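Examination of the molecular architecture
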Amino acid sequence: MVPAETMKTLFVISLLAMALGLGEVRGQTAYAEGSWQMVPAEDRIDLMHNGLLITSYHVSKKVARPYFYPIIGPTGIGVTRSYPMDDGVAAEEHDHVQHRSLWFGHRRVNGIDFWSENAGDGRQVHTGIKSVQIKSKSIVLKMSNDWVTAGGRKVLQDAREYRLARTQDGSLVIDFQITLQATEGPVVFGDTEEAALGLRMAHWMRLVKKDRKTPQKSAAVINSEDVWGRAVWGKRAKWIDYFATDPNGLTVGIAVMDHPSNLRHPTWWHAREYGLVAANAFGQSQFEKDATPGAGDYSLEKNGELTMRWRVMVHPGTPRDADVDGAYRDYIAE
């Protein structure tokens, strides 16, 4: 007899395959357990908590890579930029079309740009849902993608695992794990400023306003080494936290945590005043003046693998209120 949990997983995968392939069950609840629900839709998966949308995972072939958008924090407001998915927010800049909320990319993979979205750039093509586990307090999804050139040649593939959960204080936790697999031959991830886990903040969380000159006094950023403000750019740290007053007057923060098992931990942070933050272990010569050119290169032989993982925690209050340092210790102890 097939175990009940296995039957649930097979049922979910079947529904998702239909939803993301033919759209046949769009708008229906694929599966629910406890406080978590999953609703498949065409080119995306909506993830719900207690009936409310928390985030959607987008896998449309019309864009260069999968991404999460929106990301709804504990105050009920989205904490990442709406553009380019929605260009109707007047306070937002319409720059860097590739900054799609929460994503993974790399600008120099065997010389191919898998970060930008220009003609001729590479693409990450969603190839399947491997497994889904929905428990009473969390949801775990395993996905895969092919990295292909503009001409359709496969360069490598990846396997991803996402885990979403809520903590007792209302924080949203997104654990993001990716295994890069050199299935087609050797792969060189080049030294570049623009690589790895990327996140673009909502306009009210950035340190400067749309003009990039006027300070936004209601927003701040700190890292695990007690470095504040624009000085966090290019620094190595175990975690970083942007926090601000949301449009309803409540304080909310986004902490991004680098796991100790990651390449070159603690990572460098490509963290900008205008709201971009990327946990980038591949940009050493971009961030350190004395580093030799190419110091951040990383090579995989054919069939080699590299696994990296991070935790994104959207929390109420300041980093001190949320005890982000303690939450980081809990993360690495799991």
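The structure reproduced in this document is the subject of the present report. (Residues numbered from 1 in each chain as written. Predicted model: local features only at pLDDT ≥ 70, side-chain atom pairs only at ≥ 80, totals over all residues. Heavy atoms only, no water.)

**Some remarks on the overall build of the protein**
Assigned secondary structure in the protein consists of four helices and 20 strands. In terms of overall dimensions, the protein is globule-like: its C-alpha atoms have a radius of gyration of 19 Å, near the 20 Å expected for 334 residues. The principal-axis extent of the C-alpha atoms belonging to the protein is close to 60 × 50 × 40 Å. Within the protein, buried positions represent 56% of all 334 residues. (Helix = DSSP H or I, 4+ residues; strand = E, 2+ residues; numbered from the N terminus. Rg over C-alpha atoms; globule rule 2.2 N^0.38 Å. Buried < 20%, exposed > 50% of the residue type's maximum accessible area, 1.4 Å probe, protein only.)

**A word on the sheet that holds strand S14 (residues 219–223)**
Across the sheet, which stays open at both edges, the eight strands sit in the order S8-S9-S10-S11-S20-S16-S15-S14 with antiparallel pairing between neighbours. The outermost strands of the open sheet, each flanked by one partner alone, are strand S8 (123–134) and S14. Pairwise comparison of adjacent strand axes, ignoring direction, gives a mean angle of 15° for this sheet. Sheet analysis places strand S10 (residues 154–166) next to strand S11 (residues 172–181), joined by ten bridges and oriented antiparallel. Within S11, the residue paired with Arg160 across the bridge is Ile178. (Pairing = 2+ DSSP bridges. Axes fitted to C-alpha atoms, helices over the stretch in contact; angles between N-to-C directions.)

**Quick word on helix H4 (residues 324–333)**
Residues of H4 that are buried include every one of Val324, Gly326, Ala327, Tyr328 and Tyr331, and no others. Elements in contact with the buried residues of H4: S11, strand S15 (239–245), strand S16 (251–258), strand S20 (305–316) and helix H3 (319–322). (Contact = heavy atoms within 4.5 Å.)

**Quick notes on the nonpolar core**
Formed by 67 residues in total, the largest nonpolar core has its most connected members in Ile240, Tyr242, Ile254 and Trp310. The contacts of Trp310, once residues within four sequence positions are left out, are Phe104, Ile174, Asp175, Phe176, Ile178, Ala196, Leu197, Met257, Asp258, Asn262, Ala279 and Tyr331. In terms of nonpolar packing, the next biggest core, distinct from the first, is built from 13 residues, Trp239, Phe243, Met257 and Tyr331 among them. (Core = buried A, V, L, I, M, F, W, Y, C linked by side-chain atoms within 4.5 Å.)

**Some details on the packing of aromatic side chains**
A complete count under the given rule lists twelve aromatic pairs for this structure. What links up through ring pairs into an aromatic cluster is the set Tyr57, Phe68, Phe104, Phe114, Trp147, Tyr162, Phe176 and Trp310. In this structure, Arg212 is placed above the aromatic ring of Tyr274, and the distance from its NZ or CZ to the ring centre is 3.9 Å. Across from the ring centre of Trp268, 4.2 Å away, lies the NZ or CZ of Arg236, which sits over that ring. (Phe/Tyr/Trp six-rings, centres within 6.5 Å; stacked < 30°, edge-to-face > 60°. Lys NZ or Arg CZ within 6 Å of the ring centre and 35° of its normal.)

**Some details on the pairing of S10**
In terms of strand pairing, strand S9 (residues 138–148) meets S10 through eleven bridges, oriented antiparallel. From the neighbouring strand, Val140 faces S10, where its bridge partner is Arg163. In this antiparallel pair of consecutive strands, S10 and S11, the connection spans five residues, and Gly170 shows a positive phi of 95°.

**Side note on the side chain of Arg65**
The residue Arg65 is located in the loop between strand S4 (52–58) and strand S5 (67–71) in this model. A polar atom in the side chain of Arg65 sits 3.0 Å from the backbone oxygen of Trp115. Beyond its immediate sequence surroundings of up to four residues, Arg65 is in contact with Gln98, Trp103, Phe104, Gly105, Phe114, Trp115, Ser116, Glu117 and Gln124. (Polar contact = N/O pair within 3.5 Å; in protein donor to acceptor, adjacent residues only side chain to side chain.)

**Focus: the pattern of salt bridges**
If you walk through the whole model with that rule in mind, you get 20 salt bridges. The shortest N-O distance in the salt bridge between Asp95 and Arg212 comes to 3.0 Å. One end of the pair, Asp95, is in the loop between S5 and strand S6 (102–109); the other, Arg212, is in the loop between strand S13 (195–200) and S14, and 117 residues separate them in sequence. For Asp95, a relative accessible area of 14% translates into the label buried. Of the residues examined, Arg212 reaches a relative accessible area of 34% and is grouped as partly exposed. A salt bridge links Glu334 to Arg311; its shortest N-O distance comes to 2.9 Å. Of this pair, Glu334 sits in the segment after H4 while Arg311 sits in strand S20, and the two are 23 residues apart along the sequence. (Salt bridge = Lys/Arg side-chain N within 4 Å of Asp/Glu carboxyl O.)

**So, the pairing of strand S3 (residues 44–49)**
Across the six residues that make up S3, a large majority, five, are buried. The pairing of strand S2 (residues 36–41) with S3 spans six bridges and is classified as antiparallel. The residue of S3 that forms the bridge with Val39 is Asp46. When S3 meets S4, the two strands line up antiparallel, connected through six bridges. Of the residues in S4, the one forming a bridge with His49 is Leu52. Taken together, S3 and the strand that follows it, S4, pair antiparallel across an intervening segment of two residues, in which Asn50 is found at a positive phi of about 50°.

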